[in-house]
Number of protein chains: 2
Amino acid sequence: MNQDGVDLETSLGYLLKEASSVLRVAMEEVLRPLGMSVTHYSCLELLAQRPGLSNSELARGAFVTRQSMNVLLQTLEREGYVTRPAEAPVGKVLPTRLTPRGRRSLEEATVAVRSVEVRMLAGMTEAEQSGAFRALRSMIHSLRGGNTGNGGSGGA
Amino acid sequence: MNQDGVDLETSLGYLLKEASSVLRVAMEEVLRPLGMSVTHYSCLELLAQRPGLSNSELARGAFVTRQSMNVLLQTLEREGYVTRPAEAPVGKVLPTRLTPRGRRSLEEATVAVRSVEVRMLAGMTEAEQSGAFRALRSMIHSLRGGNTGNGGSGGA
DNA sequence: TGATTCATGTCAGGATTCTGACATACAGTG
DNA sequence: CACTGTATGTCAGAATCCTGACATGAATCA
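Residues numbered from 1 in each chain as written. Chains lettered and ligands numbered in written order. Predicted model: local features only at pLDDT ≥ 70, side-chain atom pairs only at ≥ 80, totals over all residues. Heavy atoms only, no water.

Details of the side chain of Ser11 of chain B
Applicable threshold: Secondary structure elements are taken from DSSP: a helix is a run of H or I of four residues or more, a strand is a run of E of two residues or more, and numbering for both begins at the N terminus. Definition of a polar contact: a pair of N or O atoms within 3.5 Å, with one able to donate and the other able to accept a hydrogen when the atoms are protein atoms, and with sequence-neighbouring residues admitted only if both atoms are side-chain atoms.
Take Ser11 of chain B: it is sitting in the segment before helix H1 (12-31). From its side chain, Ser11 of chain B meets the backbone nitrogen of Tyr14 of chain B in a polar contact 3.1 Å long.

In structure tokens form, the structure reads like this:
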């Protein structure tokens, strides 16, 4: 009946979307009491691991447009979670850094987020986890790089 | 330096989000020439496989709110892709069905979407695919069902 | 039977994100 | 050195989606 369709019940793409949706909901749930959105948290986490990231780099890392990230950064800066130099040291790039307050805020969030990740991984062996990791990486790579003869718009 | 963080480089959650993002972009890319969004396509595909689905069921299947799905359905109905009875046969539920036009439209989209899925799965063995499938299913189940003592707000 | 609870469809308002556009700064090429 | 191409930060407008709220219909239960 649905042999010519994609068959959502067995589609890895659909399952991927579902998993992502459920993960997003779970993260929003634990982040909400902290007054933080997922993108908000992603931004802070990115900055903790790679201080000095620019707005555009942050946007790519959080999977939003640089315009959206810019709006967020302005808020975070105004509220004292991050700092940006008034003038660009080189070019137009404004390296962003966490303030102590931002770092404290992130610590709370990290605990919450980690609990979600732990819950998500519950019931999976190490082998299954690394298998899933490799599978996801492979999918990303295939989707980013290769085209099926579509006359590559090239992308990045 | 980032050992007390979540370490985005090795986080399955982050990778999941990345994969989902890349998949979404790839789908939008092939669906755009057809004038169709991902939710739009999801709705049609859902209806093809399970005719008579209600607005709310469609919303859950496409991972959006029923309000958003309602807006989409009104457009699709107005443009002749789906039909809904003027009055509910039972209760308030309005069973939705694809029109021939909707079915034709879906066929085009299915070809496009399947090509993306094929590309995504390129380079993965059958075993890896079914492994990824099981892993994703496990994550969804763990995230949906179990709580780490957070006192389940039970979703809705 | 009557009350409570739950799910659905829908309307209205608000928040978030995106698309489009512009000026600027660096890198590569002739 | 001038020119082209790419990348960045930012502003403005539009589109999208969500949260909140309401009325209705069905199911559950006393």
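Here we look at the interface of chain A and chain B
Using the following cut-off: Contact criterion: two residues are considered in contact whenever any of their non-hydrogen atoms come within 4.5 Å of each other. In this description, buried area is defined as the sum, over both parts, of the accessible area (probe of 1.4 Å) that is lost when the two are combined. One speaks of a salt bridge when a side-chain nitrogen belonging to Lys or Arg is within 4 Å of a carboxyl oxygen belonging to Asp or Glu. Note on residue classes: Ala, Val, Leu, Ile, Met, Phe, Trp, Tyr, Cys and Pro are nonpolar, Asp, Glu, Lys and Arg are charged, and everything else, Gly too, is polar.
Listed as interface residues are 60 residues of chain A and, on the opposing side, 60 residues of chain B. Together, the buried faces of chain A and chain B total about 6000 Å²; carbon and sulfur atoms form 64% of this surface. On the chain A side of the interface with chain B, the three residues burying the most area are Phe63, Arg119 and Leu143 of chain A, jointly 12% of the side's total. Where chain A touches chain B, the interface holds two salt bridges. Elements represented by at least two residues in the side of chain A that touches chain B include exactly helix H1 (12-31), helix H2 (38-49), helix H3 (55-62), helix H5 (100-121) and helix H6 (126-145) of chain A. Sorting elements by how many residues they give to the side of chain A that touches chain B places H1 of chain A first, with 14 residues. Looking at side-chain class alone, the side of chain A that touches chain B contains 29 nonpolar, 19 polar and 12 charged residues.

Describing helix H5 (residues 100-121) of chain B
Heads up, the condition is: Working rule for helices: expected span equals 1.5 Å times residues minus one. Three labels apply to residues, based on accessible area from a 1.4 Å probe with only protein chains included: buried if under 20% of the type maximum, exposed if over 50%, partly exposed otherwise in between.
Its 22 residues give H5 of chain B an end-to-end C-alpha distance of 31 Å, which sits within 8% of 32 Å, the value for a rise of 1.5 Å per residue. Taken together, the buried positions of H5 of chain B are occupied by Gly102, Ser105, Leu106, Ala109, Thr110, Ala112, Val113, Val116, Glu117, Arg119, Met120 and Leu121 of chain B. Elements in contact with the buried residues of H5 of chain B: H1 and H6 of chain A together with H1, helix H2 (38-49), strand E2 (97-98) and helix H6 (126-145) of chain B. Backbone geometry just after H5 of chain B places Gly123 of chain B at a positive phi near 85 degrees.

A closer look at the packing of aromatic side chains
Let me state the cut-off plainly: Think of it this way: a Phe, Tyr or Trp ring, Trp meaning its six-membered ring, pairs with another when their centres are within 6.5 Å, and the plane angle makes it stacked under 30 degrees, edge-to-face over 60, tilted otherwise. We call a charge positioned above a ring when the Lys NZ or Arg CZ atom is no farther than 6 Å from the ring centre and deviates by at most 35 degrees from the ring normal.
Throughout the structure, instances matching the rule amount to two aromatic pairs over all chains. For the pair Tyr14 of chain A and Phe63 of chain B, a centre-to-centre distance of 5.5 Å together with 40 degrees between the ring planes defines the contact as tilted. Of this pair, Tyr14 of chain A sits in helix H1 while Phe63 of chain B sits in the loop between helix H3 (55-62) and helix H4 (66-78), on two different chains. Judged by relative accessible area, Phe63 of chain B falls into the partly exposed class, the value being 22%. Seen from the ring of Tyr81 of chain A, Arg101 of chain A lies directly overhead, with NZ or CZ sitting 4.7 Å from the centre.

Quick look at the protein's contact with DNA strand C
The following threshold applies: The rule for a residue being near a molecule or strand is that one of its heavy atoms must lie within 4 Å of it.
Around DNA strand C, the surrounding shell holds 20 residues, and the nearest of these are Gln67 and Ser68 of chain A together with Ser56, Asn70 and Lys92 of chain B. Within the side chain of Arg60 of chain B, an N or O atom sits 3.1 Å from a phosphate oxygen of DNA strand C. Arg66 of chain B is positioned with one of its side-chain polar atoms (N or O) 3.0 Å from a base oxygen of DNA strand C. At the level of elements, helix H4 (66-78) of chain A together with H3 and H4 of chain B are the ones that each hand at least two residues to the surface near DNA strand C.

Quick look at the protein's contact with DNA strand D
Lining the immediate environment of DNA strand D, one finds 19 residues, of which Ser56 and Asn70 of chain A together with Thr65, Ser68 and Lys92 of chain B sit closest. The contact atoms of DNA strand D, taken as those within 4 Å of the protein, divide so that sugar and phosphate hold 62%. Among the secondary structure elements, those contributing two or more residues to the surface near DNA strand D are H3 and H4 of chain A together with H4 of chain B. In terms of residue count, H4 of chain A provides more of the surface near DNA strand D than any other element does, four residues in total. Classifying every residue of the surface near DNA strand D by side-chain character gives three nonpolar, 10 polar and six charged.

Here we look at the environment of Arg66 of chain B
Residue and element names in this part refer to chain B. Relative to the elements of secondary structure, Arg66 occurs in helix H4. Taking the C-alpha atoms as reference points, Arg66 and Ser54, separated by 12 residues in sequence, lie 9.7 Å from one another. Setting aside anything within four residues of it in sequence, one finds Arg66 in contact with Asn55, Ser56 and Ala59.

As for the relation of the copies chain A and chain B
Rules: Each copy is superposed on the other by least squares, with the fit set by C-alpha atoms of residues at a pLDDT of at least 70 in both.
The two copies are related by a screw motion: chain A maps onto chain B through a turn of 180 degrees and a shift of 0.0 Å along the axis, at an RMSD of 0.1 Å. Overall, the copies show the geometry of a two-fold rotation axis. Identified as the residue of chain A closest to the rotation axis by C-alpha distance is Ala132 of chain A, at 2.7 Å.

Notes on the packing of H1 of chain B against H5 of chain B
Residue and element names in this part refer to chain B. So the rule is basically this: For helices, the fitted axis covers only the stretch in contact; all axes are lines through C-alpha atoms, and the angles between them, taken along N-to-C directions, range from 0 to 180 degrees. Two helices that cross are described as forming a left-handed crossing if the nearer one is turned anticlockwise from the farther one by less than a right angle, and a right-handed crossing if clockwise.
The geometry of H1 relative to H5 is characterised by a closest axis approach of 9 Å and an angle of 145 degrees between their N-to-C directions. For the crossing formed where H1 meets H5, the hand is right-handed. Only Ala109, Ala112, Val113, Val116, Arg119 and Met120 of H5 make contact with H1, whose side of the interface consists of Leu23, Ala26, Met27, Val30 and Leu31. Class assignment for the residues of the contact of H1 with H5 results in 10 nonpolar, no polar and one charged.

Description of the pattern of salt bridges
The full count for this structure, using the stated rule, is six salt bridges over all chains. Here Arg144 of chain B and Glu18 of chain A are joined by a salt bridge, their closest N and O atoms 3.3 Å apart. Of this pair, Arg144 of chain B sits in helix H6 while Glu18 of chain A sits in helix H1, which puts the two residues in different chains. The exposure class assigned to Arg144 of chain B is exposed, which follows from its relative accessible area of 51%.

Geometric descriptors of this kind do not, in isolation, establish any biological role.
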